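If you want the building blocks of each chain, they are given just below.
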Amino acid sequence: MIPAKRVADVQMALPFWMSLLLLPLAAIGAGYGGWTVLLLPLITWYFFSLLDAVLGLNLENNDLETTEAQLGWYRMITVIWAPLQFVMLFGLIWYVPQAEHLSTLEKIGLFFGVGVITGTIGINYSHELMHQKSKLERWMGDILLSMVLYSHFRSEHLQVHHRYVGTPRDPVTARYNEGFHRYFARVVPECYKSAFHAEKAMLARKDLPWTHPSNPFFRYWALQAVMLVLAFALGGWAGLGLFIWQAFIAIWQLELVNYVEHYGLTRKHLGDGKYEHVKPQHSWNAAHKASNWLLINLQRHSDHHYKPDRRFPLLQNYTEAEAPQLPYGYPVMTMAAMVPPLWRRVMNRRVKRWREMYYPEITDWKPYNKALNPLPR
């Protein structure tokens with residue numbers, strides 16, 4: 001256990017600030033073109049995977065008694081990212097369409113990389129922010145999501161995923177043997193619908209219609225409209241197209257991570273629409289040091305589901321005896337997920353081992369594989 005005084009040291013927080021190094025790479029790609037437009041995905045995926053291989057695992061936990069004040073350096077990186085990403089994204093939308101030294105293919109490649117970081121970093125930071133009580137942090141989270149046209153993720157994640165993970169009611173829980181491409185085509189529309197119905201149901205419990213101004217979807221739509229209008233105003237049709245392209249890539253990055261986090265892990269149906277409580281065994285974890293710096297400990301996912309509002313520096317590591325572990329960090333695993341035969345070869349045997357370990361009494365897994373069990377009450 002790392003004591004709170006040491007946790008508060010800026011040197012302990014500094015590795016999580018490595019994400020800031022990605023922003024100049026976007027400017028380099030825009031300024032020089034050529035192979036440099038690929039720097040963002042190369043560094044995000046391959047460099048951090050290489051660092052994982054070199055640095056290994058981090059199995060230590062920070063003291064849970066660490067105070068909010070002592071976590072200032074950690075909180076700051078998530079809050080300042082939104083304005084920095086805004087300047088980077090819309091600065092490029094203004095600059096790139098008129099950059100004569102960049103070919104159309106280079107512009108598309110550059111904004112592919114932009115989508116990689118607005119998804120890998122931006123959406124991930126919004127996930128941290130949406131779980132906090134501070135209005136400022138929640139607003140920063142909403143602004144980040146609006147920059148990738150995925151604002152409903154907040155409602156879906158807080159009101160659907162955390163309540164129903166591992167059950168047929170949660171679209172995000174990837175089913176056993178479900179390839180990522182099929183998952184992506186299913187989860188994008190299903191998450192939007194489930195998020196909207198969750199907010200509608202919450203308003204109905206207060207005897208209010210879904211059209212009531214308190215419905216956050218009106219805020220989501222307004223923020224996204226502002227981003228679209230701004231993209232067109234700064235970059236014309238080309239700028240708008242590049243904005244939508246990076247948003248698509250960001251959503252793809254998010255759903256790749258969602259796919260990895262719970263693949264094949266289901267909660268036991270107890271009968272009559274009742275399910276066991278969420279446990280550490282219902283999330284895949286990875287203790288790889290560098291990718292947890294990049295993803296602000298998202299890979300300590302079991303503890304996040306145990307304490308959703310726990311700030312990322314205090315998320316606890318779980319051993320292999322307590323929760324299932326991935327063989328590599330998320331960057332490598334998400335790349336593997338893009339090749340379904342490879343993914344099944346790596347992960348299906350691990351899911352089978354998990355089933356034997358935790359649920360030897362279940363002999364028929366078909367209802368779990370196909371999400372045929374009753375919806376949770």
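The rules behind each value
Residues numbered from 1 in each chain as written. Predicted model: local features only at pLDDT ≥ 70, side-chain atom pairs only at ≥ 80, totals over all residues. Heavy atoms only, no water. Helix = DSSP H or I, 4+ residues; strand = E, 2+ residues; numbered from the N terminus. Rg over C-alpha atoms; globule rule 2.2 N^0.38 Å. Buried < 20%, exposed > 50% of the residue type's maximum accessible area, 1.4 Å probe, protein only. Contact = heavy atoms within 4.5 Å. Areas by Shrake-Rupley, 256 points an atom, 1.4 Å probe, with all protein chains shown as cover. Lys, Arg positive; Asp, Glu negative; His and termini not counted. Charge placed at Lys NZ, Arg CZ, Asp CG, Glu CD. Core = buried A, V, L, I, M, F, W, Y, C linked by side-chain atoms within 4.5 Å. Salt bridge = Lys/Arg side-chain N within 4 Å of Asp/Glu carboxyl O. Patch = residues over 30% accessible without salt bridge, like charges linked within 9 Å, V, L, I, M, F, W, Y side chains within 5 Å. Arc of directions from axis to C-beta. Expected span 1.5 Å × (residues − 1). Axes fitted to C-alpha atoms, helices over the stretch in contact; angles between N-to-C directions. Parallel < 35°, antiparallel > 145°, perpendicular 65-115°, else oblique. Nonpolar A, V, L, I, M, F, W, Y, C, P; charged D, E, K, R; others polar.

1. Some details on the overall build of the chain
For the chain, the count of helices and strands is 15 helices and two strands. Relative to its length of 377 residues, the chain is compact, with a C-alpha radius of gyration of 21 Å against a globular reference of 21 Å. In terms of its C-alpha atoms, the chain occupies a principal-axis envelope of roughly 65 × 50 × 45 Å. Burial statistics for the chain: of 377 residues in total, 56% are counted as buried. Residue pairs in contact within the chain that sit at least 24 positions apart in sequence constitute 73% of those at least 6 positions apart. Summing over all exposed atoms, the chain offers an accessible surface of approximately 16800 Å²; the carbon and sulfur share of this is 64%. Here the chain contributes 37 positive and 28 negative side-chain charges, whose respective centroids are spaced 5 Å apart.

2. A short note on the nonpolar core
One finds Phe-111, Tyr-259, Tyr-263 and Trp-343 to be the most contacted residues of the largest nonpolar core, which totals 97 residues. Setting aside residues up to four positions removed in sequence, Trp-343 forms contacts with Tyr-259, Val-260, Tyr-263, Met-333, Ala-336, Ala-337 and Asn-348.

3. Overview of the pattern of salt bridges
Applying the stated criterion across every chain, the model contains 12 salt bridges. The partner of Arg-310 in a salt bridge is Asp-303, with the nearest N and O atoms 2.8 Å apart. Classification of Arg-310 by relative accessible area gives buried; the value is 16%. Linked through salt bridges whose partners overlap, the residues forming this network are Glu-68, Arg-75, Glu-137 and Arg-311.

4. Details of a nonpolar patch on the surface
A cluster of nonpolar side chains, namely Val-10, Leu-14, Trp-73 and Met-76, defines an oily patch on the protein surface of about 360 Å² accessible area. In this structure, Val-10 sits in helix H2 (residues 10–13).

5. Some details on the environment of Arg-175
Within the secondary structure layout, Arg-175 lies in the loop between helix H8 (153–164) and helix H9 (180–204). For the pair formed by Arg-175 and Tyr-263, sequence separation is 88 residues and the distance between their alpha carbons is 6.0 Å. Excluding residues that lie within four positions of it along the chain, Arg-175 makes contacts with Arg-186, Tyr-263, Gly-264, Asn-369, Lys-370 and Ala-371.

6. Considering helix H3 (residues 22–32)
Of the positions making up H3, those classed as buried are Leu-22, Leu-23, Leu-25, Ala-26, Gly-29 and Ala-30. Considered in projection along H3, the buried side chains sweep an arc of 160 degrees and stay on one side of the axis. Residues of H3 that are buried sit in contact with helix H4 (39–55), helix H5 (72–95), helix H6 (104–130) and helix H11 (289–294).

7. Some thoughts on H6
If you check H6, its first and last C-alpha atoms are 36 Å apart, about what 27 residues at 1.5 Å a residue would give, namely 39 Å. Counting buried positions over the 27 residues of H6 gives 24, a clear majority of the element.

8. A look at the packing of H3 against H6
The geometry of H3 relative to H6 is characterised by a closest axis approach of 10 Å and an angle of 170 degrees between their N-to-C directions. Taken as axis vectors, H3 and H6 run roughly antiparallel relative to one another. Of the residues in H6, those in contact with Leu-22, Leu-23, Ala-26, Gly-29 and Ala-30 of H3 are Leu-110, Ile-117 and Ile-121. Taken together, the residues that form the contact of H3 with H6 break down as seven nonpolar, one polar and no charged.

9. Here we look at the environment of Phe-217
Secondary-structure assignment places Phe-217 in helix H10 (residues 216–262). Among the residues examined, Phe-217 registers a relative accessible area of 1% and is labelled buried. Counting along the chain gives 65 residues from Phe-217 to His-152, while the straight-line C-alpha distance between them is 7.1 Å. Setting aside residues no more than four positions away along its own chain, Phe-217 makes contact with His-152, Ser-155, Tyr-192, Ala-195, Phe-196 and Glu-199.

10. Digging into the packing of H8 against H10
Running from N to C, H8 and H10 point in directions that differ by 25 degrees, and their axes come no closer than 11 Å. Relative to H10, the element H8 lies roughly parallel. Facing H8, whose interface residues are Phe-153, Arg-154, Ser-155 and His-161, H10 presents Pro-216, Phe-217, Arg-219, Tyr-220, Leu-254, Asn-258 and His-262. When grouped by side-chain class, the residues that make up the contact of H8 with H10 number five nonpolar, four polar and two charged.

11. Section: a positive patch on the surface
A cluster of basic residues, Arg-182, Arg-344, Lys-366 and Lys-370, forms a positive patch at the surface. Position of Lys-366 relative to the elements: it lies in helix H15 (residues 366–369).

12. Things to note about the side chain of Gln-132
Within the secondary structure layout, Gln-132 lies in the loop between H6 and helix H7 (135–146). Accessibility expressed as a relative area gives 5% for Gln-132, which makes it buried. Gln-132 has contacts with Glu-137, Arg-138, Asp-309 and Arg-311, leaving out every residue within four places of it along the chain.

13. Topic: unusual backbone geometry
Residue Leu-149 is not a glycine yet carries a positive backbone phi of 55 degrees. Mapped onto the fold, Leu-149 is located in the loop between H7 and H8. Since its relative accessible area comes to 22%, Leu-149 is described here as partly exposed. Its identity as a non-glycine residue notwithstanding, Asp-272 has a phi of 60 degrees, on the positive side. One can find Asp-272 in the loop between strand E1 (269–271) and strand E2 (274–275). Judged by relative accessible area, Asp-272 falls into the exposed class, the value being 58%.

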